[in-house]
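# Coordinate analysis (summary)
So the chains spell out like this:
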Amino acid sequence: ITGDPAAGEKVFKKCRACHAIDGKNKVGPHLDGVYGRVAGSVDKYKYSVGLKKFKEEGLVWNAETLAQYLPSPKDMVEKSKMTFKLTKEKDIENVIAYLAQISGV
Ligand code: HEM
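Presented here is a report on the structure given in the accompanying data block. Each chain carries its own residue numbering, running from 1 in the written order of its sequence. For a predicted model such as this one, the threshold for reporting local features is a pLDDT of at least 70, and the threshold for listing and counting side-chain atom pairs is 80 or more; totals across whole chains, interfaces and linings nevertheless cover every residue. Side-chain metrics rest on all non-hydrogen atoms present in the structure, leaving aside hydrogens and water.

## A closer look at the pattern of salt bridges
- What counts as a salt bridge is simple: a side-chain nitrogen of Lys or Arg found within 4 Å of a carboxyl oxygen of Asp or Glu. Per the counting criterion, the structure on display carries 4 salt bridges.
- Here Lys 53 makes a salt bridge to Glu 78, at a shortest N to O gap of 2.8 Å. Of this pair, Lys 53 sits in helix α2 (residues 49-57) while Glu 78 sits in the loop between α4 (73-76) and α5 (89-102), and the two are 25 residues apart along the sequence.
- Since its relative accessible area comes to 38%, Glu 78 is described here as partly exposed.
- Between Asp 75 and Lys 74 there is a salt bridge; the shortest N-O distance is 3.8 Å.
- On the basis of relative accessibility, which here comes to 61%, the residue Asp 75 falls in the exposed class. A run of DSSP states H or I qualifies as a helix once it reaches four residues; a run of E qualifies as a strand once it reaches two. Both are numbered from the N-terminal end. Partly exposed describes any residue whose relative accessible area lies between the buried limit of under 20% and the exposed limit of over 50%, with all areas from a 1.4 Å probe on protein chains only and scaled to the type maximum.

Written as structure tokens, this is what we have:
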């Protein structure tokens, strides 16, 4: 993981509109331990068909899969419910480092 978690914490402010990291779902599922978590696996969250498929396939969120997802979720996930895109390469790298840190990786 090459990013800077402190810079990533600032980027994560954009995500907080829809994602909590205290176990509660908002517009999006909570992101506790998301780095290393199986996609589509938060209990009681109603995921898109694409994330349900990823769960069945056992896709795991890590540096590679998050770097593919964040710039354009709809290009990776069938009927994606996440409309937000994070496009700056540095921001992506840094937020991934932050998500790894909060996941204890
Ligand atoms: C799903 C990350 C910003 C709404 C997800 C997932 C991740 C993620 C990793 C998949 C979770 C899982 O499989 O359990 C992020 C990050 C963000 C961000 C890092 C900021 C850079 C946002 C924003 C919104 C949003 C701003 C709302 C405007 C959603 C929704 C889902 C989702 C609705 C469910 C997608 C689906 O079922 O297809 N997000 N997100 N996210 N996110 Fe975000």
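## With respect to the site of the ligand
- Surveying the vicinity of the ligand reveals 26 residues, the closest of which are Cys 15, Cys 18, His 19, Tyr 47 and Met 82.
- Throughout this description, a polar contact denotes any pair of N or O atoms lying within 3.5 Å of each other; where both atoms belong to protein, one of them has to be capable of donating a hydrogen while the other can accept it, and for residues adjacent in sequence the pair is counted only when both atoms sit in side chains. Measuring from a nitrogen atom of the ligand, one finds a side-chain N or O atom of His 19 at 2.8 Å.
- Between Tyr 47 and the ligand, the recorded distance is 2.6 Å, taken from a side-chain N or O atom to an oxygen atom.
- For the ligand, the cavity whose grid points lie within 2 Å of the majority of its atoms is the largest pocket.
- Note on residue classes: Ala, Val, Leu, Ile, Met, Phe, Trp, Tyr, Cys and Pro are nonpolar, Asp, Glu, Lys and Arg are charged, and everything else, Gly too, is polar. Here the residues of the shell around the ligand are counted per class, giving 18 nonpolar, 5 polar and 3 charged. We call a residue near a molecule or strand as soon as one heavy atom of that residue lies within 4 Å of the molecule or strand. Think of a 1 Å grid over the protein atoms and nothing else: a 1.4 Å probe that fits but is trapped marks a cavity, an open set flanked by protein within 12 Å on at least five of seven lines marks a pocket, and residues with an atom within 4 Å of a point count as lining. More than half of a molecule's atoms lying within 2 Å of a cavity's or pocket's grid points is what places that molecule inside it.

## Some thoughts on the environment of Glu 56
- Secondary-structure assignment places Glu 56 in helix α2.
- It is 26 Å that separates the C-alpha atoms of Glu 56 and Ile 1, two residues lying 55 residues apart in sequence.

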